[in-house]
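# Analysis of the macromolecular model
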Amino acid sequence: MSPIICIIGNKGGTGKTTLSHLLCQGFGLLGQRSACVLTDTSREPLSPEGRRYAIADARTPEALNRVVGKLRAMEHWVGVVDGGGNRADVDRLLDGLADIVLLPFRDSHEDLRTVLRDLETFPRAYALPSQWPTNAWQRDAADRNVAQILGAHKHRILNPVISLSASKLLLQKNVPDGLPTNLGNACRALARQVSEVLELGDADGTPSAGQEAGENAAATPSTVVPEGYASTARH
């Protein structure tokens, strides 16, 4: 039975769609088959051509049940559901379907207050810092805000996904033939830490922590654990 990951949250503009595609791309780069499931009725499905993952259209309740049911019945797949924003009823539905819930938030007090409420509403969910600043001063200020506002839930906060302009390439209708190396690194890092939460290994049997021969996972910015974040998040 394949696991289902749902990316939800009441706040719009936190990068749910971007993270859904980053995560699926990362799974594909690690040899794991996955499907990016669209539920946001304000968006159109992207072309699956050239992607390392499948695209599924589940913009109606009937389609969602059908897609999730099909994924559940398949072996060695992962479903990543893009929940969209400002849809509390859909969030509750997806929380009930998911094996793991991710709550993205950006570096703003409004996002932090919203994700705090969501963490309290969805006790099985993990908060995911999204589009996180790379400037050292800004990063330090952002991390301090997280520690101050979300400190009570620090063991449910995943490693940040850094702001990366190349991520918009995955949201194009058709993916370019060549994608930047830094985008691939960010995708792998995200997929590895989510795999660790799900206790999945890579498709080739690599442990979920992602320590390949000769590779230091802490070398990429998105896998560095800042003070106040959980070093290893598990159920």
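Residues numbered from 1 in each chain as written. Predicted model: local features only at pLDDT ≥ 70, side-chain atom pairs only at ≥ 80, totals over all residues. Heavy atoms only, no water.

## Focus on the packing of aromatic side chains
- In total, this model carries one aromatic pair according to the counting rule given.
- For the pair F105 and W132, a centre-to-centre distance of 5.5 Å together with 80° between the ring planes defines the contact as edge-to-face. Here the residue F105 occupies a position in strand β5 (residues 100-105), and W132 occupies one in the loop between β6 (126-129) and α5 (136-150), the gap between them amounting to 27 residues. Summarising the burial analysis for this pair, F105 and W132 share the class buried. (Phe/Tyr/Trp six-rings, centres within 6.5 Å; stacked < 30°, edge-to-face > 60°. Helix = DSSP H or I, 4+ residues; strand = E, 2+ residues; numbered from the N terminus. Buried < 20%, exposed > 50% of the residue type's maximum accessible area, 1.4 Å probe, protein only.)

## Overview of the sheet that holds strand β2 (residues 33-38)
- Taking strand neighbours across the sheet as the criterion, the six strands line up as β3-β2-β4-β1-β5-β6 in an open arrangement whose pairing is parallel. Each edge of the open sheet carries a strand with a single partner, namely β3 (54-57) and β6. With direction set aside, neighbouring strand axes in the sheet form an average angle of 25°.
- In this structure, β2 lies alongside strand β4 (residues 77-82), joined through six bridges in parallel fashion. Within β4, the residue paired with S34 across the bridge is V78.
- Here helix α1 (residues 16-29) sits on the sheet and contacts β1 (4-7), β2, β3, β4, β5 and β6; the angle it forms with β4, its principal contact strand, is near 170°. (Pairing = 2+ DSSP bridges. Axes fitted to C-alpha atoms, helices over the stretch in contact; angles between N-to-C directions. Contact = heavy atoms within 4.5 Å.)

## A closer look at empty space enclosed by the protein
- One pass over the structure, following the stated rule, counts one cavity of 30 Å³ or more.
- If you trace the largest cavity, you find it lined by I8, G9, K11, T14, L103, P104, F105, D111, T114, V115 and D118.
- Looking at the lining of the largest cavity, the elements that each hand over two or more residues are β5 and α4 (109-121).
- It is α4 that provides the largest number of residues to the lining of the largest cavity, a total of four residues.
- Among the residues making up the lining of the largest cavity, the classes are represented as five nonpolar, three polar and three charged. (1 Å grid on protein atoms, 1.4 Å probe; cavity = no way out; pocket = protein on both sides within 12 Å on 5 of 7 lines; lining within 4 Å. Points joined across faces, edges and corners; volume = space filled by probe spheres on them. Nonpolar A, V, L, I, M, F, W, Y, C, P; charged D, E, K, R; others polar.)

## A word on the confidence of the model for the protein
- Confidence in the prediction of the protein, expressed as mean pLDDT, is 87, and 85% of residues score 70 or more.
- Segment residues 207-235: pLDDT under 50, and 63 contacts once partners within four positions in sequence are set aside and those in other chains are kept. (pLDDT = per-residue confidence, 0-100.)

## What to know about the pattern of salt bridges
- The final tally for this structure, using the stated rule, is eight salt bridges.
- With its nearest N and O atoms 3.8 Å apart, the salt bridge here joins D40 to R43.
- A salt bridge links R59 to E44; its shortest N-O distance comes to 3.6 Å. Of this pair, R59 sits in the loop between β3 and α2 (61-73) while E44 is found in the loop between β2 and β3, placing the two residues 15 residues apart along the sequence.
- Under the relative-accessibility criterion, R59 is labelled partly exposed at 25%.
- Overlapping salt bridges, with partners in common, bring together E44, D57 and R59 in one network. (Salt bridge = Lys/Arg side-chain N within 4 Å of Asp/Glu carboxyl O.)

## Some points on the side chain of T114
- By secondary structure assignment, the location of T114 is in helix α4.
- Filtering out sequence-adjacent residues up to four positions away, T114 remains in contact with N10 and K11.

## Considerations on the environment of L158
- Topologically, L158 is positioned in the loop between α5 and α6 (181-198).
- The exposure class assigned to L158 is buried, which follows from its relative accessible area of 2%.
- Considered as a pair, L158 and V194 are 36 residues apart in the sequence and their alpha carbons are 8.6 Å apart.

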